[in-house]
Amino acid sequence: MSEENKTIARRVYEIISTGDFDRAGEIVDPDAPDNELLPGDPPARLIETFRDAFTEAREAFPDLSVAVEDIMAEGDRVAARVTMRGT
C-alpha cells in the first residue's frame with residue numbers, strides 16, 4: 001500500500017506541474033466531498049476544489065513546476081518534500 005500511495009502522491013504533483021487537470025479523476029474520487037470548507041461555504045466536491053485551486057495557481061504562475069525531492073510512506077500516510085517554482 002505504501003508504494004501505491006507514493007505513486008499517487010507523485011501523480012498529484014505531476015498533474016499540478018503539467019496543468020492537465022482533466023486527469024484529476026486519477027487521484028481524486030469525483031464524489032468525495034471537500035471537508036476543509038469554511039463555515040458558511042456552499043458544499044463542494046474535493047475534485048472541484050483541487051481543479052479550481054491549482055488552475056488559479058497556474059494562472060498566477062504559468063510556468064509552475066513541482067519537483068518531488070523526497071517522499072516517504074508508511075501505511076496509508078505519505079509525506080513529501082517538494083520544491084515549487086514559478087514566475
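Since the structure is predicted, the reported quantities are computational estimates derived from the model, not experimental observations. (Residues numbered from 1 in each chain as written. Predicted model: local features only at pLDDT ≥ 70, side-chain atom pairs only at ≥ 80, totals over all residues. Heavy atoms only, no water.)

A. Spatial organisation of the pattern of salt bridges. A full pass over the atoms with the stated rule returns 6 salt bridges. Here lysine 6 makes a salt bridge to glutamate 3, at a shortest N to O gap of 3.1 Å. Within this pair, lysine 6 and its partner glutamate 3 are both found in helix H1 (residues 2-18), separated by 3 residues, close to a single helical turn. We classify lysine 6 as buried; its relative accessible area is 15%. Among the charged side chains, a salt-bridge network with shared partners connects Arg11, Glu14, Arg23 and Glu26. (Salt bridge = Lys/Arg side-chain N within 4 Å of Asp/Glu carboxyl O. Helix = DSSP H or I, 4+ residues; strand = E, 2+ residues; numbered from the N terminus. Buried < 20%, exposed > 50% of the residue type's maximum accessible area, 1.4 Å probe, protein only.)

B. Focus on the side chain of arginine 58. Its place among the elements puts arginine 58 in helix H2 (residues 46-60). For arginine 58, which is buried and forms no salt bridge, the nearest opposite charge comes from aspartate 63, at a distance of 7.3 Å. At 2.9 Å, the side chain of arginine 58 forms a polar contact with the backbone oxygen of leucine 64. Sequence-distant contacts of arginine 58, that is, excluding residues within four places in its chain, are made with Ile16, Ser17, Thr18, Gly19, Phe21 and Leu64. (Lys, Arg positive; Asp, Glu negative; His and termini not counted. Polar contact = N/O pair within 3.5 Å; in protein donor to acceptor, adjacent residues only side chain to side chain. Contact = heavy atoms within 4.5 Å.)

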